[in-house]
Amino acid sequence: MAGVNSYAQQSFFKPSVNYNPQRIKGIIVTEAIAGAAVTAWLNYLWYKKFPRSSFHFFNDNNEWLSMDKAGHATTAYNISVAQNDILRWAGVKSGQAAFIGSFSALAFMTMIEIMDGHSVKWGFSKGDMLANIAGCLLFDGQQLMWGQQRISLKYSYHTTIFPHYNPGELGRNLPQKMLKDYNGQTYWLSLNIASFLPQTSQFPQWLNLSAGYGGEGMIGAVNNPKEINGKAVPSFERYRQFYLAFDADLYRIKGIAPSANTLFKLNRFIKMPAPAFEWNTLSKGQFYWFYF
């Protein structure tokens, strides 16, 4: 197996050898402000329109063809990645940074579930929490086992026709649609092939193989309504999609400029557009020359 130091640096920031308390203070202040801002934004986007309630649980495991669960796992995983990077930059040791990073990611996602638990519209979802835990464990397990991320969770999005019929649920503008329209979202398990091969291998270090999951035909959470606000909604068949595609970890390319490398590291979270093959629960296959 390849050694953990034989691949391009994954971190957004160069890890510090020495513990830096000033950086830690800066991280705490910055993340406290960012957390408050995100909470306020979520309150405006999700919770403002619905009454508060006493804390309660809610089983939503049959909603949105489980796309929301894939989103929870991917979000928790990538928050863990980012937190680990920041803590290593501040000089926190590798194992401690991984644990604190995944724990803080889980704490943030739990805060969202608690907010859901106090909303009449939703509730605390055990399914969401299991997905959050799975995402954190995927990160933490790889750090403990290999000291790097060989398998990542990524996101991609393309626009669809479905928000037109239910903009209140699926989004009115592009930022809302990217968050709410599960029809256009795809979640990817992206495996870096070279990191599983011997160090002497000449296989491209940046080339990944990805398995994706998506869903389409969803106007409502469980079933599609026949009309919304008095307007008829066409009949759409709801189905799950499974993808196989190549991906690229651009930040693993050797010899690129540091500024470009930093930009390329956004690719840690976002799937590269590429040819893809889809198989769905309608028992139909389709090849895309360019899928995102």
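As the structure is a prediction and not an experimental result, all values here were calculated from the model. Every chain is numbered on its own, with residues counted from 1 as its sequence reads. Residues qualify for local features only when their pLDDT is at least 70, as the model is predicted, and side-chain atom pairs are given and counted only at 80 or more; totals for whole chains, interfaces and linings, by contrast, use all residues. To get the side-chain values, all heavy atoms of the structure are used, and hydrogens and water are removed first.

Undergrad: Can you walk me through the sheet that holds strand β1 (residues 151-157) in this structure?
TA: Sheets are built from strands that pair by backbone hydrogen bonding, the pairs being arranged parallel or antiparallel. At least two DSSP bridges between two strands are needed for those strands to be called paired. Secondary structure counts use DSSP, requiring at least four H or I residues in a row for a helix and at least two E residues in a row for a strand, with both numbered from the N terminus. Read across the open sheet, the six strands follow the order β1-β2-β3-β6-β7-β8; overall the sheet is antiparallel. Each having just a single partner strand, β1 and β8 (285-291) make up the two edges of the open sheet. Averaged over all pairs of adjacent strands, the angle between strand axes in this sheet comes to 25°, irrespective of strand direction. By the bridge criterion, seven bridges tie strand β2 (residues 185-192) to strand β3 (residues 207-216) in an arrangement that is antiparallel. Residue pairing in the sheet places W188 in a bridge with G212 of β3. Should any heavy atoms of two residues lie within 4.5 Å, those residues are considered in contact. All axes here are fitted lines through C-alpha atoms, helices being fitted over the stretch that makes contact, and every angle between N-to-C directions spans 0 to 180 degrees. In this fold helix α2 (residues 67-89) packs onto β1, β2 and β3, with an angle of close to 125° to the strand it touches most, β1.

Undergrad: What should I look at first to understand the side chain of T186 in this one?
TA: With respect to the helices and strands, the residue T186 is situated in strand β2. Only protein chains enter the area calculation, which uses a 1.4 Å probe; residues under 20% of their type maximum are buried, those over 50% are exposed, and those in between are partly exposed. With relative accessibility at 0%, the residue T186 sits in the buried group. Under the rule applied, a polar contact is a pair of N or O atoms within 3.5 Å (in protein, one hydrogen donor and one hydrogen acceptor; residues adjacent in sequence only if both atoms are side-chain atoms). Within polar-contact distance, the side chain of T186 engages the side chain of Y291 at 2.7 Å. The residues touching T186, leaving out its near neighbours within four places in the chain, are K154, Y155, S156, H158, G212, Y213, Y243 and Y291.

Undergrad: How should I be thinking about the packing of aromatic side chains in this particular structure?
TA: The geometry of an aromatic ring pair is captured by two quantities: the separation of the ring centres and the angle between the planes. The criterion for an aromatic pair is that two Phe, Tyr or Trp rings (for Trp, the six-membered ring) have centres within 6.5 Å, with stacked assigned to planes under 30 degrees apart, edge-to-face to planes over 60 apart and tilted to the rest. Following the criterion strictly, the structure yields 17 aromatic pairs and no others. For the ring pair W146 and F196, a centre distance of 5.3 Å and an interplane angle of 85° mean the geometry is edge-to-face. Taken as a pair, W146 in helix α4 (residues 126-146) and F196 in the loop between β2 and β3 lie far apart in primary sequence, 50 residues in all. By relative accessible area, which is 18% here, W146 ends up buried. Given the relative accessible area of 25%, F196 is considered partly exposed.

Undergrad: How should the pattern of salt bridges be read in this particular structure?
TA: Close approach of charged atoms allows side chains of opposite charge to pair. For this document, the term salt bridge refers to a Lys or Arg side-chain nitrogen within 4 Å of an Asp or Glu carboxyl oxygen. This structure, assessed with the given rule, holds eight salt bridges. Of the charged contacts, one joins D247 and K154 as a salt bridge, the two residues approaching to 2.7 Å between their closest N and O atoms. Of the two residues, D247 sits in strand β6 (residues 239-248) while K154 sits in strand β1, which places them 93 residues apart along the sequence. D249 is paired through a salt bridge with R252; the nearest N and O atoms lie 3.0 Å apart. Note on R252: relative accessible area 1%, which makes it buried.

Undergrad: Looking at this structure, I do not really get unusual backbone geometry. What am I missing?
TA: Outside of glycine, negative phi angles account for most residues, and trans bonds account for most peptide bonds. Positioned with a positive phi, W64 is a non-glycine residue whose angle comes to about 50°. A relative accessible area of 6% means that W64 is categorised as buried. In this structure, N229 takes a positive phi of about 55° despite not being glycine. Relative to the helices and strands, N229 resides in the loop between β4 (227-228) and β5 (231-232). Overall, N229 belongs to the exposed group, its relative accessible area being 78%.

Undergrad: Before we go on, may I ask you to explain the pairing of β8 in this structure?
TA: Remark: a regular strand shows side chains that alternate across the two faces of the sheet. In this structure, strand β7 (residues 274-280) lies alongside β8, joined through five bridges in antiparallel fashion. Its bridge partner being in β8, E278 is matched across the sheet by Q286. What sits between β7 and β8 in their antiparallel hairpin is a turn of four residues, with S283 showing a positive phi close to 60°.

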